[in-house]
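So you can see what is in the structure, the chains are spelled out below.
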Amino acid sequence: MLGGMTAVTLNQFIPLPLAILAAVVITMIVGAIIEIVFIRWLHKPSVLRMVIITIGISILIRETALHIWGESVRALPYFTGSSVSSINLGGVYISSQILWVVGIGALVVAALTAFFNLTMLGRQMRACSANRDAARLCGINAGNMVTLSFMVSAAIGALGGCIICPITYVQYDSGTPLAIKGFTVAILGGLGNSTAAVGAGMILGILESFSIWVLPTAYKEAISIAILLAILFVKPSGIFGSAEAARLKEF
Amino acid sequence: MLRIKNVESGYGRLKVLKKITMHIGAGEIVTIIGANGAGKTTLLRTVSGLIPARSGEILFDMMEIGTLPPEKIVFLGCSLVPEGRQVFAPMTVKENILLGAYPQYRRKRGDQIRDDLDRVYGLFPRLKERERQLAGTLSGGEQQMLAIARALMARPKLIMMDEPSMGLAPLVIKDIFTIVTRLRGEGSTVLLVEQNAKAALGIADRGYVLETGRIIMQGTAEDLLSNREVQRAYLGRDLDAEGTM
Ligand SMILES: Nc1ncnc2c1ncn2[C@@H]1O[C@H](COP(=O)(O)OP(=O)(O)OP(=O)(O)O)[C@@H](O)[C@H]1O
Ligand SMILES: [Mg+2]
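Small disclaimer: the values here were computed from a predicted structure and weren't measured.

Trainee: How should I be thinking about the overall build of chain A in this particular structure?
Mentor: What chain A contains, in helices and strands, is eleven helices and two strands. Starting at the N terminus and ending at the C terminus, chain A contains elements arranged as α-α-α-β-β-α-α-α-α-α-α-α-α. Relative to the globule expectation of 18 Å for 251 residues, the C-alpha radius of gyration of chain A, 19 Å, shows essentially globular dimensions. Taking the principal axes of the C-alpha coordinates as reference, chain A spans close to 55 × 45 × 35 Å. Residues classed as buried in chain A amount to 34% of the 251 residues present.

See the structure below:
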């Protein structure tokens, strides 16, 4: 939401790619500020406490956005083509923006996987999440790694917001349902596994679309919550995760 | 190399260490022995910076480190092999070892890392065989080797080990103690905390006995080994029973 809104506003003054880039950077900085102001000084915060704090902050951001941008619905232009043009892929007509979403999504997953597995910085972040004290004993500044993880997730969130908002539109409160879906998909795929999360995302999307056959359309949004609860009760390691791997899971 | 003077520390309101004073010279193996809950781990955590010293001073290479965070202390050349290994379980053996070399990256000594990697693989050939295995799936002994290898990659001047023999079979313990002696031969200084007092005093130059947060005895390893009180309390020899036989 923040990323999308910022990009829409900036796009009035600068070209689209630059506006998106700037929105991503601005959101990243906001992410870093949030971590430094609200999280960093906490002494050994539990995950639950962090989750509650972030929910609180998300309400704060939503209300601030309401003040800045009002209630109006906005959107970025389609990256290529327009909302009525479409591309013929083997007899199926789809909007070009969908291809952008899928393509950039794939790129982000590939980039993340490479970052976490191949770079020293990515390994440092994984080490911190696996064993914070041991990471510090290796000379890694764990505090900075947490800030960095907030920045990376803020950047990905902002980029995601920018690439889908030509299709879905963006409004001051469009972040929350997306956050719930995002969380569901993350749990469904098994936390910390971005490739599986993509698969889980597809499953959720298909389930939501087909749900209107059996349920009133109004219930579409409830699907993700229902799945989330079901998974947490039945298989907390995610459908793609094995119990063995979950024991060694990195969060 | 390390000089600790009147150090006190603990958790919350609980004071565990009471006026600890000790020193370690370059090239020595010094051991700290003591019963469960004596405060051995607390002492090592304090020196390594994981918990701050409340009072007193800790000098490493003439530098006050009592208030520094662990990441700074590692850069100065003082590494801890923590109790219970604490390997990065979801990462591979090699990734674990390379993370240990992080201080070397920061010191711009990245070119030495290859040599250091060969060196620790030389010390622990088992780790090389298991390079790609997840650290969490290693056996206890292998995890202990990994924890030591990881600490060595930082090229520490002083390496502190917290109960490296815990839960290991006698043969593996022997291997690990051989390595500790070998490290001294290569110029390292070792602070070894052990429950296994007999083995530790067997390779150490000097020792300290820690009891309920106080140093109650110190001396050369031979002196401690032949001390009646140490024998009774930590070497499991019942002198009274022997005397009557
Ligand atoms: N995180 C903690 N919070 C509160 N008290 C602690 C904590 N860790 C240790 N203690 C207490 O400090 C005292 C010393 O513990 P420490 O771990 O230093 O003992 P130890 O000599 O290493 O024992 P062991 O040989 O069993 O490892 C114990 O009484 C313990 O209960
Ligand atoms: Mg201990």
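Trainee: Which parts of the structure should I look at to understand the interface of chain A and chain B?
Mentor: By a widely used convention, the size of an interface equals the accessible area lost when the partners come together. Of the residues lining the interface, 19 residues belong to chain A; the matching set on chain B comes to 27 residues. With both chains or domains summed, chain A and chain B bury close to 2,100 Å², and 67% of this area falls on carbon and sulfur atoms. The interface formed by chain A and chain B includes four salt bridges. When the shortest N-O distance is used, the salt bridge between Glu-95 of chain B and Arg-123 of chain A registers 3.5 Å. At the boundary of chain A and chain B, one finds three residue pairs in polar contact (both at pLDDT 80 or more). At the level of elements, helix H5 (120–130) and helix H6 (132–137) of chain A are the ones that each hand at least two residues to the side of chain A that touches chain B. The leading source of residues in the side of chain A that touches chain B is H5 of chain A, at six residues. In terms of residue class, the side of chain A that touches chain B is made up of nine nonpolar, five polar and five charged.

Trainee: Which parts of the structure should I look at to understand the coordination of the magnesium ion (ligand 2)?
Mentor: A four-donor tetrahedral metal ideally has 109.5 degree angles, and a six-donor octahedral metal ideally has angles of 90 or 180 degrees. Bound to the magnesium ion (ligand 2) on the protein side are Thr-41 of chain B (OG1) and Glu-83 of chain B (OE), at distances that span 1.8 to 2.6 Å. One end of the pair, Thr-41 of chain B, is in helix H1 (residues 40–48); the other, Glu-83 of chain B, is in the loop between strand E6 (78–81) and helix H3 (93–100), and 42 residues separate them in sequence.

Trainee: For this particular structure, what's the right way to read the sheet that holds strand E8 (residues 189–194) of chain B?
Mentor: The strands that make up a sheet are held in pairs by hydrogen bonds between backbone atoms, and each pair lies either parallel or antiparallel. Residues and elements named next belong to chain B. Across the sheet, which stays open at both edges, the six strands sit in the order E6-E7-E8-E3-E9-E10 with mixed pairing between neighbours. Two strands close off the open sheet at either side, each with one partner strand: E6 and strand E10 (214–220). Strand after strand, the sheet turns through a mean of 15° between neighbouring axes, direction not considered. The sheet contact formed by strand E9 (residues 206–211) and E10 spans six bridges and is antiparallel. Directly across from Glu-211, in E10, lies its bridge partner Arg-214.

Rules and cut-offs
- Residues numbered from 1 in each chain as written.
- Chains lettered and ligands numbered in written order.
- Predicted model: local features only at pLDDT ≥ 70, side-chain atom pairs only at ≥ 80, totals over all residues.
- Heavy atoms only, no water.
- Helix = DSSP H or I, 4+ residues; strand = E, 2+ residues; numbered from the N terminus.
- Rg over C-alpha atoms; globule rule 2.2 N^0.38 Å.
- Buried < 20%, exposed > 50% of the residue type's maximum accessible area, 1.4 Å probe, protein only.
- Contact = heavy atoms within 4.5 Å.
- Buried area = accessible area lost by both parts, 1.4 Å probe.
- Salt bridge = Lys/Arg side-chain N within 4 Å of Asp/Glu carboxyl O.
- Polar contact = N/O pair within 3.5 Å; in protein donor to acceptor, adjacent residues only side chain to side chain.
- Nonpolar A, V, L, I, M, F, W, Y, C, P; charged D, E, K, R; others polar.
- Donors = N, O, S within 2.8 Å, 3.2 Å for Na, K, Ca; no water.
- Pairing = 2+ DSSP bridges.
- Axes fitted to C-alpha atoms, helices over the stretch in contact; angles between N-to-C directions.

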